[in-house]
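Overview (structure and organization)
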Amino acid sequence: MLSFPAWGQSTPLPGAYGAWYEAKNREEDAEPREFVLINYFFTRVSASNQLGDPTGLKGVSLGPIGQVAGSAVRVENAPAFFVEQRWIPVIEYSPHFVDGLASFRAQFEVDYLWGRSANAVQQNEGGGFNADQVNLQTKNVNVALYPTKNPNQLTLLIGTQPVYDSVYDPTRAPLGDIIRTGYKLTFLGSDATGLSVFSNHLKGQSRLSLLPLGSVQADKAEFNDPRLKFVWLGMADYTYPVAPGTNVGASLWYLRDDTKGDAYAFEGLVKSGPSSSGLGNFTGVPRLSIDRPSGWVGWAGLNFNHNIDFRTGRFGASGFLMYNGGQFVANRADTTLNRQVDISGLSANLELLYNFGRTSSDLVTLEGLFSTGDANLDDNRYSSAFTLNQYGLPGAVWFNHKMLILFPFTSTVNNYTGAVTDISNQGFGLQTVIATGAYDLIPNKLNLKLGVGHARSSVTPPEETAGVARGRVIGTELNAELRYTFRYLMTVGLHGGYMFRGNFYDGNPRVTANPWAAFTTFTWYAF
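Here goes a summary of the coordinates provided. The shown structure was predicted, so the numbers you read here are calculated from the model rather than taken from an experiment.

Digging into the overall build of the protein chain
Summing up its helical and strand segments, the protein chain has 4 helices and 23 strands in all. Over its C-alpha atoms the protein chain spans a radius of gyration of 23 Å, differing by no more than 12% from the 24 Å that the globule rule assigns to 527 residues. Projected onto the principal axes, the alpha-carbon positions of the protein chain cover approximately 80 × 60 × 55 Å. Excluding contacts between residues fewer than 6 apart, the proportion of contacts in the protein chain whose partners are at least 24 apart in sequence is 67%. Carbon and sulfur atoms provide 59% of the accessible area of the protein chain, an area that totals close to 21,600 Å².

Comments concerning the environment of Ser251
Relative to the helices and strands, Ser251 resides in strand E10 (residues 246-257). The exposure class of Ser251 is buried, given its relative accessible area of 5%. With near-sequence residues (within four places) excluded, Ser251 lies in contact with Tyr183, Ala236, Asp237, Trp299, Ala300, Gly301 and Asn303. Among the polar contacts made by the side chain of Ser251, one reaches the side chain of Tyr183 at a distance of 2.9 Å.

Topic: the side chain of Ser276
Residue position: Ser276 is located in the loop between strand E12 (270-271) and helix H4 (279-283). A distance of 3.1 Å separates a polar side-chain atom of Ser276 from the backbone nitrogen of Leu279. Non-local contacts of Ser276, meaning those with residues more than four positions away in its chain, are made with Val270, Lys271 and Arg287.

As for the pairing of strand E6 (residues 154-164)
With respect to burial, E6 is a largely interior element, 8 of its 11 residues being buried. Of the pairings in the sheet, the one linking strand E5 (residues 137-145) to E6 comprises 5 bridges and is antiparallel in character. Counterpart to Ala144 in the pairing with E6 is Leu157. Examined bridge by bridge, E6 and strand E7 (residues 189-199) share 11 bridges and lie antiparallel to one another.

Some points on the nonpolar core
Counting residues in each nonpolar core, the largest one holds 54 residues, and the members touching the most others are Phe187, Trp299 and Ile474. Of all the secondary-structure elements, those providing two or more residues to this core are strand E9 (229-243), E10, strand E13 (293-306), strand E14 (315-330), strand E15 (340-355), strand E19 (430-442) and strand E23 (516-526). In terms of residue count, E14 provides more of this core than any other element does, 4 residues in total. If you look at the next biggest cluster of nonpolar residues, it comprises 17 residues, including Ile179, Val270, Phe282 and Val397.

Considering the environment of Tyr164
Note that Tyr164 resides in strand E6. Along the primary structure Tyr164 and Phe187 are separated by 23 residues, whereas in three dimensions their C-alpha atoms are 8.2 Å apart.

Focus on the pairing of E5
Two elements, strand E4 (residues 102-113) and E5, share 8 bridges in a ladder whose sense is antiparallel. Residue Phe108 lies in a different strand from E5, and its bridge partner there is Thr138.

Thoughts on a nonpolar patch on the surface
Together, Phe35, Leu37, Tyr93, Phe97, Phe104, Val141, Val143, Leu145, Ile158 and Leu195 give the surface a local cluster of nonpolar side chains, amounting to about 840 Å² of exposed area. Mapped by element, the contributors of at least two residues to the nonpolar patch are strand E1 (35-51) and E5. Counting residues per element, the nonpolar patch draws most heavily on E5, at 3 residues. Turning to its location among the elements, Val143 is positioned in strand E5. Among the residues examined, Val143 registers a relative accessible area of 31% and is labelled partly exposed.

Examining the environment of Val197
Along the polypeptide, Val197 turns up in strand E7. On a C-alpha basis, the gap between Val197 and Thr460 in space is 43 Å, while along the polypeptide they are 263 residues apart. Every residue in contact with Val197, bar those within four places of it in the chain, is listed here: Leu154, Thr155, Leu156, Ser206, Arg207 and Leu208.

Here we look at the side chain of Asn135
Turning to its location among the elements, Asn135 is positioned in the loop between E4 and E5. Given a relative accessible area of 9%, Asn135 falls into the buried group. Only 2.4 Å separates the side chain of Asn135 from the backbone oxygen of Glu125, close enough to count as a polar contact. With residues up to four places along the chain from it excluded, the contact list for Asn135 reads Glu109, Val110, Asp111, Tyr112, Gln122, Gln123, Glu125 and Gly126.

Overview of unusual backbone geometry
In this structure, Pro394 follows Leu393 across a cis peptide bond, with omega equal to -15°. For Pro394, the position within the fold is in the loop between strand E17 (381-382) and strand E18 (415-418). Its identity is not glycine, yet Lys203 carries a phi of approximately 65°, on the positive side. As for its placement among the helices and strands, Lys203 is situated in the loop between E7 and strand E8 (205-216). Located in the positive-phi region is Asn224, a residue other than glycine, with phi close to 55°. Mapped onto the elements of the fold, Asn224 is located in the loop between helix H3 (220-223) and E9. In this structure Asn224 comes out as exposed when scored by relative accessible area, which is 64%.

Parameters at a glance
Residues numbered from 1 in each chain as written. Predicted model: local features only at pLDDT ≥ 70, side-chain atom pairs only at ≥ 80, totals over all residues. Heavy atoms only, no water. Helix = DSSP H or I, 4+ residues; strand = E, 2+ residues; numbered from the N terminus. Rg over C-alpha atoms; globule rule 2.2 N^0.38 Å. Contact = heavy atoms within 4.5 Å. Areas by Shrake-Rupley, 256 points an atom, 1.4 Å probe, with all protein chains shown as cover. Buried < 20%, exposed > 50% of the residue type's maximum accessible area, 1.4 Å probe, protein only. Polar contact = N/O pair within 3.5 Å; in protein donor to acceptor, adjacent residues only side chain to side chain. Pairing = 2+ DSSP bridges. Core = buried A, V, L, I, M, F, W, Y, C linked by side-chain atoms within 4.5 Å. Patch = residues over 30% accessible without salt bridge, like charges linked within 9 Å, V, L, I, M, F, W, Y side chains within 5 Å. Salt bridge = Lys/Arg side-chain N within 4 Å of Asp/Glu carboxyl O.

Laid out in structure tokens, this is it:
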């Protein structure tokens, strides 16, 4: 379901082979490796009263709690227990005869729940007796070209690649830089095929991307036109270092959708786009009241980060401001829904950090996120955040929120459920404040984190049950996490959280108890 290639991708062959070979006093050094294999292994044991149905997406449970369809995640006094497992191998090949000009990468993924399915061909399954499952998922296959032989100066990334709403090259940048900078994966975090260019030639970091997100023969049945119609996403981002450790950035993105609502986020099962009848149940986005839409969405954003690695002091901060606007028009002559829907939404984020102790993990944080809301999703104007969760399963994952239930616990494999799974909050908008404190009980070994978060919608949602008014308070979560690193890049964790549900769920028969969850995790990065 989710993968983050920045977790386990190495740097390419540095420089030219000839320059290395002829370097002075390097005769005894080992040759640079041409072939690199990186392994990411993760296992999670879960106990929770969030009951998702994993059959709809073949072993995957997604979506906000309380939905009537999709994974139909209920919350009741009937706990569930399961174990899930993920393996991601990353293969990188940088042959010396290309003289530092290119690297090839391939990334695959094997996910499943223990005890689920065997002797079959199906993704996200294979943990049953005998195993023998064909379930290898292709995540990324790409070539990186380095025209100047310096990847930091210029990289052309061609093929299937990780795509995020951060300016940094995800095949080279640490995961921490990607999830804490730019727009923190709140608008885009997945994989796509296309072309991206990364460069630092302009005294800062820049990124240009052109990505076809989906395609379909939208006019074949009606006009006998076999041509593919596409969802195109173009992205331009730039970040400028105004001081050591302090960066400000700007972004302009444009999406054009000519698929008329016929393309799929999950082939043959869940259609993509703002008119999809099924996608929002899995990703937490709203369905716009329009038939067979075609149109566009544009984003204009500003972001900053200051000292997030605490290299210039004890205080750090980051945040963003994003406006999205656009328009979709209907392509069904006899539609009873809107002929046109205009889009206009605003989102903002700010996080403050203070490093009080001996290590960078001795940390207190305070973060807030806001998105405008839409009180009437049936009219011809949509006024909340528009994210790539409208096109993927999922297409955006706010990865740095530090919650376990209020927002989904992001250390996951096949189960990504929580109260809010998209920053639009099903179109009703979001107002949330999150505070955490963490301390290394044993420096760089044993870390304890305590967290509290509160969330509410920006507008009052409509009734779920006739005559039962709903409120805006989604809930308040308390959580604790204990992580022990007993070998380099090998960590075990205990994580637990409890959410006091709010009146947002009044009249919802599928949320009848306060959500709770407990997890045990094992993570190992092997180089």
